[in-house]
Amino acid sequence: MLTNEAYKPINCDDYDNLELACQKNWMLTLTLKNGEQLKAKAVDMVMRKKVEYLAVDLSGETRELRLDHIASFIHPELGTVIMSEDD
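Conventions and cut-offs
Residues numbered from 1 in each chain as written. Predicted model: local features only at pLDDT ≥ 70, side-chain atom pairs only at ≥ 80, totals over all residues. Heavy atoms only, no water. Pairing = 2+ DSSP bridges. Helix = DSSP H or I, 4+ residues; strand = E, 2+ residues; numbered from the N terminus. Salt bridge = Lys/Arg side-chain N within 4 Å of Asp/Glu carboxyl O. Buried < 20%, exposed > 50% of the residue type's maximum accessible area, 1.4 Å probe, protein only. Core = buried A, V, L, I, M, F, W, Y, C linked by side-chain atoms within 4.5 Å. Contact = heavy atoms within 4.5 Å.

> Give me the lowdown on the pairing of strand E6 (residues 79-82), citing residues and values where you can.
Strand direction decides the pairing type here: strand E5 (residues 70-75) and E6, joined by four bridges, are antiparallel. Bridging across to E6, Ser 72 finds its partner in Ile 82.

Next comes the structure, spelled out in structure tokens:
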């Protein structure tokens, strides 16, 4: 998803939860702000040009999701995490 909109950093707790998911290679159910839902394995956190991304393995294909485009994610050990912007 290409976009020119300004990146809005996410809440630190949400970031920490995503980082933990990457360390443990957890399978997450993600809902994006555009309504798209996907089940993917969290792989890495990436930063490019001051924009942060969650790299996921989606059926063997790597996809990078802008953190500020993720509405929520679910994992049994975390429950449902509704993403919020950093204050």
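Next comes the rest of the description.
> Go over the pattern of salt bridges, please, and point to the residues and values.
Enumeration over the complete set of coordinates arrives at three salt bridges. Note that Arg 63 is salt-bridged to Glu 36, the shortest N-O span being 2.9 Å. Of the two residues, Arg 63 sits in strand E4 (residues 61-66) while Glu 36 sits in the loop between strand E1 (27-32) and strand E2 (37-48), which places them 27 residues apart along the sequence. A residue is classified by how much of its surface remains accessible, and Arg 63, at 26% relative accessible area, is partly exposed. The partly exposed category is assigned to Glu 36, whose relative accessible area is 28%.

> Please give an account of the pairing of E1 that cites residues and values.
Where E1 and E2 come together, five bridges link them in antiparallel fashion. If you follow Met 27 over to E2, its bridge partner there is Lys 41. Linking two consecutive strands that pair antiparallel, namely E1 and E2, is a turn of four residues; a positive phi of about 95 degrees is found at Gly 35 within it.

> So what's going on with the nonpolar core? Which residues, and what values?
Of all hydrophobic cores here, the largest spans 25 residues; its most connected members are Leu 18, Leu 28, Leu 30, Leu 54, Leu 67 and Ile 70. Beyond its immediate stretch of four places on either side in the chain, Leu 28 contacts Leu 18, Ala 21, Leu 38, Lys 39, Ala 40, Ala 42, Leu 54, Phe 73, Ile 74 and His 75.

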